[in-house]
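# Topology and contacts: notes
Letter by letter, the chains look like this.
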Amino acid sequence: MKTSGWKILCVVLLLYTAVAGLLLDVPRLNIVNETIRALYFHVPMWFGMVFLFSMSLWHAIRYLRNPSIETDIHSFEYATVGLVFGVLGIITGMIWANYTWGSPWHGDPKQNSAAIALLVYLAYFILRGSLSNDEQRAKLSAVYNVFAFVAMIPLLFIIPRMTSSMHPGNGGNPGFNAYDLDSKMRLVFYPAVIGWILLGYWIASLRIRLKLAEEKLNELEHEKNS
Amino acid sequence: MNWNMKKIVSLLCGVMLLSPALLAQDVQMADTLRSEGKIYVLVAIIVVILVGLITFLFFTDRKISRLEKQINQKK
């Protein structure tokens, strides 16, 4: 089996994240204390989700320009894995919030709008599940995909920054401020983001290949019968 | 300003200058856990889980490759 370089890069970066993320120095900050290391795991989930949803949008647009089963499969599977990343992001965020903010659901603007963004994407799956006609499902969900992505951007990146938020990087001042200013943390954070994004891409690509293989088998059956 | 007040002011100034450094040291981190080497237990556990899951992913990848080959031969 030929193993692509990016898969090896993904493994190396994730192992590096686990080891360096636990062992390297981090700034000594009150309240967050040692939990600051969750930055290497919680935040990349969201980066991964945005990346996967972007890929999903890209294939949805490709579908709308030139309808085909392949692009619909791509769009759907990227969205599926993206949602998994988002759910993991929100669960890890709740665990972290429980420790640093005092309760798992604090009604923080970033937390609320992230949840709304996930609900918008959940509706995408409900829409797909409610249609039995393949072509209709592909077309409607591609259109909805564009809407969902456009709704997600302000929910994650604009609204939380316009109000005060306890979530770092919000409340008027983007970026990680005190956290990300630390160059030692960047040494782990950026590789972690790339590693987790590659993992999401890898899982999505496996699911896409499986679906495409299924599709090809169906076609072969069809040819035999006709 | 008498001698006592001078002493108090200089003491206060000293405290104010030192306090950021003192506070930084006061922040509780898992220093004991690290000094006892127990952090490596955590590292080992997480690495084992990661390696296990990734190996599983590689096998799944290979399985799908084989399936694709089979389908292409059928054509």
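Residues numbered from 1 in each chain as written. Chains lettered and ligands numbered in written order. Predicted model: local features only at pLDDT ≥ 70, side-chain atom pairs only at ≥ 80, totals over all residues. Heavy atoms only, no water.

### As for the overall build of chain B
Counting its regular elements, chain B contains three helices and zero strands. Listing each helix as α and each strand as β along chain B from the N terminus yields α-α-α. A burial count over chain B gives 15% of its 75 residues as buried. Total accessible area on chain B stands at roughly 6,100 Å², and carbon and sulfur atoms take up 69% of it. (Helix = DSSP H or I, 4+ residues; strand = E, 2+ residues; numbered from the N terminus. Buried < 20%, exposed > 50% of the residue type's maximum accessible area, 1.4 Å probe, protein only. Areas by Shrake-Rupley, 256 points an atom, 1.4 Å probe, with all protein chains shown as cover.)

### Digging into the side chain of Glu 34 of chain A
Structurally, Glu 34 of chain A can be placed in the loop between helix 1 (5-23) and helix 2 (39-65). From its side chain, Glu 34 of chain A meets the backbone nitrogen of Ala 30 of chain B in a polar contact 2.6 Å long. Beyond its immediate stretch of four places on either side in the chain, Glu 34 of chain A contacts Val 26 of chain A together with Met 29, Ala 30 and Arg 34 of chain B. (Polar contact = N/O pair within 3.5 Å; in protein donor to acceptor, adjacent residues only side chain to side chain. Contact = heavy atoms within 4.5 Å.)

### Focus: the interface of chain A and chain B
With 28 residues of chain A at the interface, the matching set in chain B holds 30 residues. When chain A packs against chain B, the two sides together hide about 2,900 Å² of surface, and 72% of this comes from carbon and sulfur. In this structure, the connection of chain A to chain B is made through five salt bridges. Between Asp 61 of chain B and Lys 7 of chain A there is a salt bridge, and its shortest N-O distance comes to 2.8 Å. Applying the counting rule to chain A against chain B returns 11 residue pairs in polar contact (both at pLDDT 80 or more). Contributions of two or more residues to the side of chain A that touches chain B are made by helix 1 and helix 7 (183-225) of chain A. (Buried area = accessible area lost by both parts, 1.4 Å probe. Salt bridge = Lys/Arg side-chain N within 4 Å of Asp/Glu carboxyl O.)

### A few points about unusual backbone geometry
All names here are of chain A. With phi around 70°, Ile 31 is a residue other than glycine that occupies positive phi space. Mapped onto the secondary structure, Ile 31 falls in the loop between helix 1 and helix 2. The exposed category is assigned to Ile 31, whose relative accessible area is 60%. With phi around 45°, Asn 33 is a residue other than glycine that occupies positive phi space. In this fold, Asn 33 is placed in the loop between helix 1 and helix 2. Judged by its relative accessible area of 15%, Asn 33 falls in the buried class.

### Quick word on the nonpolar core
Residue and element names in this part refer to chain A. Of all hydrophobic cores here, the largest spans 63 residues; its most connected members are Tyr 40, Met 49, Met 152 and Trp 202. Tallying contributions element by element places helix 7 first for this core, with 13 residues. Apart from the residues within four sequence positions on either side, Met 152 is in contact with Met 49, Val 50, Phe 53, Ala 117 and Tyr 121. (Core = buried A, V, L, I, M, F, W, Y, C linked by side-chain atoms within 4.5 Å.)

### Topic: the packing of helix 2 of chain A against helix 5 (residues 134-162) of chain A
Residues and elements named next belong to chain A. The N-to-C vectors of helix 2 and helix 5 enclose an angle of 140°; their axes lie 9 Å apart at closest approach. With respect to their mutual orientation, helix 2 and helix 5 come out oblique. For the pair helix 2 and helix 5, the crossing hand works out as left-handed. Along the contact surface, helix 2 presents Met 49, Val 50, Phe 53, Ser 54, Ser 56, Leu 57, Ala 60, Ile 61, Tyr 63 and Leu 64, while helix 5 presents Glu 135, Ala 138, Lys 139, Ala 142, Val 143, Asn 145, Val 146, Phe 149, Met 152, Leu 156 and Phe 157. (Axes fitted to C-alpha atoms, helices over the stretch in contact; angles between N-to-C directions. Parallel < 35°, antiparallel > 145°, perpendicular 65-115°, else oblique. Left-handed = near helix turned anticlockwise from the far one by under 90°.)

### Section: the packing of helix 1 of chain A against helix 7 of chain A
Residue and element names in this part refer to chain A. Between helix 1 and helix 7, the least distance of the axes is 8 Å, while the angle of their chain directions is 135°. The angle between the axes of helix 1 and helix 7 places the two elements in the oblique class. Classified by chirality, the crossing of helix 7 by helix 1 is left-handed. The class makeup of the residues in the contact of helix 1 with helix 7 is 18 nonpolar, four polar and two charged. (Nonpolar A, V, L, I, M, F, W, Y, C, P; charged D, E, K, R; others polar.)

### A closer look at the packing of aromatic side chains
Counted by the stated rule, this structure contains 12 aromatic pairs over all chains. Note on Phe 41 of chain A and Trp 196 of chain A: the rings are 6.4 Å apart at their centroids and 70° apart in plane angle, and the pair reads as edge-to-face. Here Phe 41 of chain A, found in helix 2, pairs with Trp 196 of chain A, found in helix 7; they are 155 residues apart in sequence, far enough to count as distant. By relative accessible area, Phe 41 of chain A is classed as partly exposed at 25%. Three or more aromatic residues joined by ring pairs make a cluster, and in this case those are Trp 6, Phe 51, Tyr 78, Tyr 201 and Trp 202 of chain A together with Phe 58 of chain B. (Phe/Tyr/Trp six-rings, centres within 6.5 Å; stacked < 30°, edge-to-face > 60°.)

Take it as geometry only, folks, not as evidence of what the structure does.
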